[in-house]
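# Inside the fold
Here is what each chain is made of, one letter per residue.
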Amino acid sequence: MLTAFRTTRRAVLAGLLTLTASAASAGAEPASVNDIARFLAGLPLSAGSPLEPLTRGPGWQRHAAQLDAAWKEIEQRQLGRIRVWAARYLPEPQPVLFYMFSGPDFLYANAFYPSASTYVLSGLEPVGNVPELMSLPHGSMLRGLNQIRESLATVLSFSFFITEDMKAKLNAGEFAGTLPILHVFLARAGKTIRETSFLRLDKEGVELPVSSRAAASGANGARITFSDGDGRTQTLYYFSTDLSDGGVRQSGFLKFCERLGTGDGLIKSASYLLHLGSFSKVREFLLANSATIVQDDSGIPIRYFAADRWALQVFGTYRAPISIFSQHRQEALAKLFRKGEATPIDFGIGYRWRPHEANLLLAVRRQARADNDRGWGIDPWKD
């Protein structure tokens, strides 16, 4: 009986402390967007952060411990190895990275292209909001943290988001949308977030102020400005938009991208949509506006890389696509790998997420290759 009473009393006191912390937070200065990102990512906050009381409970501490373990594992298994590969094989990067069909995957965009000045990510997943942690009930906050861990599970384990799974997870719940996930990735990448704002594009790809969002007909988006340890400012755009030919015709998204100039392209786990005629506009944009393209076999089919324009290098092992995409096997790509010129990789990528099954294609525009010649590149059509 005494033990039960003590247990109950401890529970009541813990609840009162939580309520007191929440009440105190209500009158405190608002938390910075950087501290919100670090809180969501399970990382230590800045000194004096109004969110600090919320980190004392076992729920947040368990969240932090689980993300610490997950990031340690993916850093050793994936990210560190990708950075080594990128430093060795990628030419001098362009200021802009175009990562189509990415959803909120800043994790791999940063691993392959850490020094881009501007990242443009896009997908069908909704933009969402930065959570108002100071006003959330304690139970809602814990459910939101659990939602984040569930949303990250596949990309941390297999290197990609499952589109239908992400639609379900990011369209509902306390931390809906891509912004919470993007902020976690930025914080875990060591970035300091300066500002998060919303925008919408008109049909001509012109950015409209947030007050015009309801009146515009183009793509919804968010802009995040952040800095690395060197203090250099970088920008991340995420657009929730239909990338099919009919979608980009109305959204202004590709016109917005064109204004950014020549960039690099990254494509992985893209459901082989660029193999379809209904996604020709995005395919043509990437081929016309990229100095380099890094992709797995779900990206642009090899037949579109004209031999006089592109130097190609293949990495890893090409197997048939997984069963649900088996119709997209490329004999020309298989032939390229059979030549025996593929360089091994020690990380998984895309739907073939095991290292011994994964493949990468690095396509470098021939002028870019001349400017950054490293003595590689093969002609896929030459026997």
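Residues numbered from 1 in each chain as written. Predicted model: local features only at pLDDT ≥ 70, side-chain atom pairs only at ≥ 80, totals over all residues. Heavy atoms only, no water.

## Observations concerning the overall build of the protein chain
- Tallying secondary structure elements over the protein chain gives 12 helices and 10 strands in all.
- Burial statistics for the protein chain: of 383 residues in total, 52% are counted as buried.
- Residue pairs in contact within the protein chain that sit at least 24 positions apart in sequence constitute 72% of those at least 6 positions apart.
- By element, 53% of the accessible surface of the protein chain is carried by carbon and sulfur atoms, the whole surface being about 16,800 Å². (Helix = DSSP H or I, 4+ residues; strand = E, 2+ residues; numbered from the N terminus. Buried < 20%, exposed > 50% of the residue type's maximum accessible area, 1.4 Å probe, protein only. Contact = heavy atoms within 4.5 Å. Areas by Shrake-Rupley, 256 points an atom, 1.4 Å probe, with all protein chains shown as cover.)

## Thoughts on the side chain of Asp296
- Inspection of the secondary structure assignment puts Asp296 in the loop between strand 8 (290-295) and strand 9 (310-316).
- Lys268 is the oppositely charged side chain nearest to the buried, salt-bridge-free Asp296, at an N-O distance of 6.8 Å.
- If sequence neighbours within four positions are ignored, Asp296 has contacts with Ile267, Lys268, Ser269, Gly350, Tyr351, Asn359 and Leu360. (Lys, Arg positive; Asp, Glu negative; His and termini not counted. Salt bridge = Lys/Arg side-chain N within 4 Å of Asp/Glu carboxyl O.)

## Some remarks on the packing of aromatic side chains
- Evaluation of the coordinates by the stated rule reveals 21 aromatic pairs.
- By way of ring pairs, the aromatic residues Trp85, Tyr89, Phe112, Phe315 and Phe347 are connected into one cluster.
- Between Lys268 and the ring centre of Tyr108, over which it is positioned, the NZ or CZ distance is 4.5 Å. (Phe/Tyr/Trp six-rings, centres within 6.5 Å; stacked < 30°, edge-to-face > 60°. Lys NZ or Arg CZ within 6 Å of the ring centre and 35° of its normal.)

## Section: the pattern of salt bridges
- Under the definition given, this model contains 12 salt bridges.
- Here Arg83 and Glu75 are joined by a salt bridge, their closest N and O atoms 2.0 Å apart.
- Overall, Arg83 belongs to the partly exposed group, its relative accessible area being 33%.
- The exposure class assigned to Glu75 is partly exposed, which follows from its relative accessible area of 30%.
- With a shortest N-O distance of 3.5 Å, Arg352 and Glu357 are connected by a salt bridge.
- Exposure remark for Glu357: the relative accessible area of 10% places this residue in the buried category.

## Re the nonpolar core
- Counting 66 residues, the largest nonpolar core has Phe39, Trp85, Phe106 and Phe112 as its most contacted members.
- With 10 residues, the top contributor of residues to this core is helix 3 (residues 58-89). (Core = buried A, V, L, I, M, F, W, Y, C linked by side-chain atoms within 4.5 Å.)

## Comments concerning the confidence of the model for the protein chain
- The predicted model of the protein chain averages 85 in pLDDT, with 82% of residues at 70 or higher.
- Of the regions scoring below 50 in pLDDT, residues 1-26 engages in four contacts with residues more than four places distant in sequence or in other chains.
- Scored below 50 in pLDDT, residues 374-383 makes 33 contacts in the model with residues more than four places away or belonging to other chains. (pLDDT = per-residue confidence, 0-100.)

## Some words on helix 2 (residues 33-40)
- Of all eight residues that make up helix 2, seven are buried, and the element is covered over most of its length.
- Those residues of helix 2 that fall on the buried side of the exposure criterion are Val33, Asn34, Asp35, Ile36, Ala37, Phe39 and Leu40.
- Gly42 lies just past helix 2 and shows a positive phi near 70°.

## A word on the environment of Ser278
- Along the chain, Ser278 turns up in the loop between strand 7 (263-267) and helix 10 (280-289).
- Take Ser278: its relative accessible area is 38%, and that puts it in the partly exposed class.
- Separated by 34 residues in sequence, Ser278 and Ser244 have C-alpha atoms that sit 5.8 Å apart.
- When neighbours within four sequence positions are excluded, Ser278 is seen to be in contact with Ser244 and Asp245.

## Here we look at the packing of helix 3 against helix 7 (residues 179-188)
- For the pair helix 3 and helix 7, the least separation of the axes is 12 Å and the interaxial angle reads 65°. The two elements helix 3 and helix 7 cross, and the hand of that crossing is right-handed. When helix 3 is examined against helix 7, the residues Ala64, Leu67, Asp68 and Trp71 are found in contact with a partner set consisting of Val184, Phe185 and Arg188.
- Within the contact of helix 3 with helix 7, the residues separate by chemical class into five nonpolar, no polar and two charged. (Axes fitted to C-alpha atoms, helices over the stretch in contact; angles between N-to-C directions. Left-handed = near helix turned anticlockwise from the far one by under 90°. Nonpolar A, V, L, I, M, F, W, Y, C, P; charged D, E, K, R; others polar.)

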